[in-house]
Each structure stands twice: as C-alpha cells, then as structure tokens.
Amino acid sequence: MKAADLVYRLCCWTLGIVFVYAGVSKLITPKIFAVLIDAYGIVPDIMLMPVAVFLPALEVASGIGILFNIKGSLTIILGQVVLFLLILGYGIHMGLDIDCGCFGPEEPEALAFHGLRTAFNRDLILLAGICFAFGWRRFRGIRPKPFPCCFNI
C-alpha cells in the first residue's frame, strides 16, 4: 500500500469521525444547538428546530457514509463544509462574538467564545482533506459503493 493510500484512508476516517461526533453531540441537545443557530440571525424562528435536527442528522449520516465509502457521502460533506465556511465567514464579517456551534455545548470553544476564526481555520483544513480525498479517488480510480437501498434492484 502506498503512503498516499494510507493518507486517503486516514483522511476519510478522520472526516467520518469528526462528522459523526459533531452531529451526535448536537443531536443530544438540539434546543441548545437551535439557540446557537439563532445567534447568527440567518434562520427564521420557525425553522430553528427543524434545522437544529436536520443538519446534525445529515452530519451523522454523511459521516457514517464516508466511513463505509458510500457514494455521495464525500460530496455531501463537501457541501456542509462549504456551508459552514460561508456561515462562519458571515459571522466573522459581522463581528459576532458567539460560539461556532460546531461540536455542541460541551466544546471548549463554547466556554471561551471568540472561536469563529478558529472554527473557520479548522474547516479550511477539513476542506483540504476533502479536496485530497476527491483527487486521490480520481487518481486511483476509487469508486464508492452505491447506497444500499431496497430500490436498487
């Protein structure tokens, strides 16, 4: 096995674990996550709880998907990271002094606040890992497995 193959696997496993952990930590306390979302001021009140449940559930599903090399998981993770970067960039631009909400209420950044720039930089590192994973898949011809579904007859 080439070293880059190992880096690819490590990259996918890291992404999967990060997304599963982040999603589960937010799903445990969706009301607190809804308060964090509300602090950004970009989601209407009526949509706070649905977003506070859907977004972490998507994180968990895509994290599990990347762990099992399921087709579409890496693309969904890419979309989420781009969305997070846009929201964090907005928060930084607006000078918001809030927690990013990335890993739920027990995150050390939640205690200190001022964590938007740190979270933005962390997401840039995740983005680099995603780009590497896409590139390595293409270079090595790695094809993810189709989603196992009863409709794939």
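Just so we're clear, the structure is a prediction, and the values are computed from it rather than from any experiment. (Residues numbered from 1 in each chain as written. Predicted model: local features only at pLDDT ≥ 70, side-chain atom pairs only at ≥ 80, totals over all residues. Heavy atoms only, no water.)

**Quick look at the pattern of salt bridges**
For the structure shown, the criterion picks out two salt bridges. Close ionic contact of Asp5 with Arg140 constitutes a salt bridge, the shortest N to O distance being 3.0 Å. With a gap of 135 residues between them, Asp5 in helix H1 (residues 3-28) and Arg140 in helix H6 (residues 116-140) connect regions that are remote in the sequence. Owing to a relative accessible area of 11%, Asp5 belongs among the buried residues under this scheme. Here Lys26 and Glu59 are joined by a salt bridge, their closest N and O atoms 2.8 Å apart. (Salt bridge = Lys/Arg side-chain N within 4 Å of Asp/Glu carboxyl O. Helix = DSSP H or I, 4+ residues; strand = E, 2+ residues; numbered from the N terminus. Buried < 20%, exposed > 50% of the residue type's maximum accessible area, 1.4 Å probe, protein only.)

**Some thoughts on the environment of Phe147**
Relative to the elements of secondary structure, Phe147 occurs in the segment after H6. For Phe147, a relative accessible area of 55% puts it in the exposed group. The spatial distance from the C-alpha of Phe147 to the C-alpha of Ile70 is 5.8 Å, given a sequence separation of 77 residues.

**Let's talk about unusual backbone geometry**
A positive phi is found at Asn69, a non-glycine position, where the angle reads about 55 degrees. Structurally, Asn69 is set in the loop between helix H3 (48-67) and helix H4 (73-94).

**Observations concerning the packing of aromatic side chains**
Per the stated rule, a full pass over the model turns up three aromatic pairs. Here the aromatic rings of Phe19 and Phe84 are separated by 6.5 Å at their centres, their planes lie at 20 degrees, and the arrangement is stacked. Here Phe19 is found in helix H1, whereas its partner Phe84 is found in helix H4, with 65 residues between them in sequence. Here Phe19 falls in the buried class, since its relative accessible area comes to 3%. The interplanar angle of 35 degrees and the centroid separation of 5.0 Å between the aromatic rings of Trp136 and Phe139 together place this pair among those described as tilted. Here Trp136 pairs with Phe139, and both are found in helix H6, just three residues apart, close to one helical turn. Through a chain of ring-to-ring contacts, the aromatic side chains of Phe132, Trp136 and Phe139 assemble into a single cluster. (Phe/Tyr/Trp six-rings, centres within 6.5 Å; stacked < 30°, edge-to-face > 60°.)

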